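# Structural overview
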Amino acid sequence: MAGMNALPTHFPPAVYAHRIKRAETLCTQRRLGGVVVGTGPELAFLTGAWTQSHERLTALVISPLGDPTLIAPATDAADLAFVEQLGITLHTWRDGQDPYRIVAAHLGGGTVALGKSLTADHVLRLMEVVEDTVLIDDAVPDLFMVKDTDEIAQLEFAGAAIDRVHEQVPDLLRPGRTENEVAADLAELIKREHASVDFIIVGSGPNGANPHHDHSDRVLEDGDPVVVDIGGAVGAGYHSDCTRTYVAGTVQDPSFQRAYDVLRTAQDTAVHTARPGMTAGELDAVARSIINHAGYGVNFSHRLGHGIGLALHEAPFIVEGSDTVLEESMVFSIEPGIYLPGQWGMRIEDIVVLEAGGARRLNNAARQLRYGLQS
């Protein structure tokens, strides 16, 4: 795992303390009674903790009153004691107590923003003791969407790691092999570069027309287009996610190449057009209009992209009609696709970080149509 030992799995306490202070400031600015986040990426962002409390409530409460508090089952106290080093009070509760009323006691007056990882059983109970609630992504979306320098560094590492895997993919795409065999090899390659494997898509021939195909026992045939979408996690839990389209063997189909040229133009144009201040919907339209004009509009069936960080898919979502304004230090995918059911699919996906002058790619593996080896 190249450089993995140099990548921190946790940030210094000052980083988390700064994030919590920023959340408190946003609560004041937005006139919120507070934010409540459960276990998952949001809690990991604010504390570094990836704890799981199962059916018991674990919730970080941040309010304009100060004194951020992690409310957790007493059974998890030893594992979470470290949060006190971050300036967070650890308030434990025992079975038989009502943790939802404990949460309410730490909130100020006003609307309370609830984290998206809270499950329905917790949300419904919280709504019994909190008068007005809203989704955290609606109330303080910029808390998570705008990445800090520590996050961007980890995402840069993740992007380079998955690039190294993609550079080896053509050697795996020999006619006669199955998608499952290719996926098994990819899993080993991803593990060499990442702490863990997130997902592997190997969509050959007609399977490539399903954007969320996994992999199967289908045998690659000479000339099959193959969509390879792969990702893993590194460091503190930040994700890679990159798609390239290949051709198994050496047979070339001029019509497929022409469609691929359209797709690559759409992807390149969107990357070069992205700027702070434009909306996510406007950026989606840049790529979609090129694909529409070429006659493949009905075959581009998904949004242009999604944010990425401690969650593989998170805001901002680069989707048609979205009025989310793109800002510097947002990190998201740009991944147009064209899919002809029963025939083939193609997708090009890069993660980009938005800077003052535009988008900078974090993925730089070759984007031209690459061919696998002969059987």
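Since this is a predicted model, take the numbers as computed values, not measurements. (Residues numbered from 1 in each chain as written. Predicted model: local features only at pLDDT ≥ 70, side-chain atom pairs only at ≥ 80, totals over all residues. Heavy atoms only, no water.)

### Here we look at the pairing of strand β16 (residues 350-355)
- With five of six residues buried, β16 lies mostly within the body of the structure.
- By the bridge criterion, four bridges tie strand β13 (residues 331-334) to β16 in an arrangement that is antiparallel. The residue bridging I334 from the neighbouring strand is D350, located in β16.
- As paired strands, β16 and strand β17 (residues 358-361) are joined by four bridges and run antiparallel to one another. Bridging from a neighbouring strand, L354 pairs with A359 of β17.
- Remark: two residues form the turn of the hairpin made by β16 and β17, two consecutive strands paired antiparallel. (Buried < 20%, exposed > 50% of the residue type's maximum accessible area, 1.4 Å probe, protein only. Helix = DSSP H or I, 4+ residues; strand = E, 2+ residues; numbered from the N terminus. Pairing = 2+ DSSP bridges.)

### A look at the domain arrangement of the chain
- Segmenting the chain into domains produces domain 1 (13-140) and domain 2 (149-372).
- Taken over C-alpha atoms, the centre of domain 1 sits 35 Å from the centre of domain 2.
- The partner domain 2 presents nine residues to the eight residues of domain 1 that form the contact.
- Between domain 1 and domain 2 lies a buried interface of about 560 Å² when both sides are counted; carbon and sulfur atoms form 58% of it.
- Counting every contact that joins domain 1 to domain 2 gives zero salt bridges.
- At the boundary of domain 1 and domain 2, one finds one residue pair in polar contact (both at pLDDT 80 or more).
- For the side of domain 1 that touches domain 2, the elements supplying multiple residues, two or more each, are α1 (13-29) and α2 (41-47).
- Grouping the constituent residues of the side of domain 1 that touches domain 2 by class yields five nonpolar, no polar and three charged. (Domains from an automatic or database assignment. Contact = heavy atoms within 4.5 Å. Buried area = accessible area lost by both parts, 1.4 Å probe. Salt bridge = Lys/Arg side-chain N within 4 Å of Asp/Glu carboxyl O. Polar contact = N/O pair within 3.5 Å; in protein donor to acceptor, adjacent residues only side chain to side chain. Nonpolar A, V, L, I, M, F, W, Y, C, P; charged D, E, K, R; others polar.)

### A word on the layout of surface pockets
- The volume enclosed by the largest pocket comes to roughly 280 Å³.
- Across the lining of the largest pocket, the residue classes tally to four nonpolar, five polar and six charged.
- Taken as a whole, the second largest pocket holds about 190 Å³ of empty space.
- Lining the second largest pocket are 15 residues; nearest its centre among them are P41, E42, K116, F144 and E314.
- Mapped onto the lining of the second largest pocket, the elements with two or more residues apiece are α2, α7 (142-145) and β12 (314-318).
- Ranked by the residues each element gives to the lining of the second largest pocket, the list is headed by α2, at three residues.
- Grouping the constituent residues of the lining of the second largest pocket by class yields eight nonpolar, one polar and six charged.
- Shared between two domains, the lining of the second largest pocket takes at least three residues from each, and those domains are domain 1 (13-140) and domain 2 (149-372). (1 Å grid on protein atoms, 1.4 Å probe; cavity = no way out; pocket = protein on both sides within 12 Å on 5 of 7 lines; lining within 4 Å. Points joined across faces, edges and corners; volume = space filled by probe spheres on them.)

### What to know about the nonpolar core
- Judged by nonpolar contacts, the single largest core of 40 residues is most densely connected at V35, L60, L70 and V331.
- Looking at this core, the element that brings in the most residues is α1, giving six residues.
- Taken domain by domain, the makeup of this core includes at least three residues from each of domain 1 (13-140) and domain 2 (149-372).
- Excluding residues that lie within four positions of it along the chain, V331 makes contacts with M145, K147, I152, L155, G307, I308, I351, V352, V353 and L362. (Core = buried A, V, L, I, M, F, W, Y, C linked by side-chain atoms within 4.5 Å.)

### Quick word on the packing of helix α10 (residues 254-273) against helix α11 (residues 280-293)
- Between α10 and α11, whose axes approach to 9 Å, the crossing angle comes to 155°. The pairing of α10 with α11 is recorded here as roughly antiparallel in orientation. The element α10 and its partner α11 pack so that their crossing is right-handed. Counted together, V262, L263, T265, A266, T269, A270 and T273 of α10 and L283, V286, A287, I290 and I291 of α11 form the full contact between these two elements.
- Grouping the amino acids of the contact of α10 with α11 by side-chain chemistry returns nine nonpolar, three polar and no charged. (Axes fitted to C-alpha atoms, helices over the stretch in contact; angles between N-to-C directions. Parallel < 35°, antiparallel > 145°, perpendicular 65-115°, else oblique. Left-handed = near helix turned anticlockwise from the far one by under 90°.)

### Considerations on the UniProt feature "domain: Peptidase M24" (unreviewed entry) in the chain
- According to UniProt, the "domain: Peptidase M24" (unreviewed entry) feature falls on residues 155-354.
- Taken end to end, residues 155-354 is 30% helix and 26% strand, and its two terminal C-alpha atoms sit 13 Å from one another. (UniProt positions renumbered as here; feature names shortened; annotations may be inferred.)

### Here's the deal with the environment of V247
- Tracing the backbone shows V247 in strand β10 (residues 242-247).
- The class of V247 is buried, set by a relative accessible area of 4%.
- Sequence separation of V247 and Y371 is 124 residues, and the distance between their C-alpha atoms is 4.7 Å.
- For V247, the residues in contact, after removing those within four places along its chain, are G223, D224, P225, F256, L369, R370, Y371 and G372.

### Structural notes on the UniProt feature "domain: Creatinase N-terminal" (unreviewed entry) in the chain
- The positions UniProt marks with the feature "domain: Creatinase N-terminal" (unreviewed entry) are residues 19-137.
- Between the end C-alpha atoms of residues 19-137 the distance is 16 Å, and the span holds 34% helix and 23% strand.

### Observations concerning the sheet that holds strand β4 (residues 89-93)
- Strands sit in the order β4-β3-β2-β1-β5-β6 across an open sheet of six strands; the sheet is mixed. Each having just a single partner strand, β4 and β6 (133-135) make up the two edges of the open sheet. Within the sheet, the average angular offset between the axes of one strand and its neighbour, ignoring direction, is 25°.
- Across three bridges, the pairing between strand β5 (residues 111-114) and β6 is parallel. By the bridge assignment, A113 is partnered in β6 with V134.
- Most of the contacts of α1 go to strand β2 (residues 59-62), to which it runs at about 55°, and overall it touches β1 (32-37) and β2.

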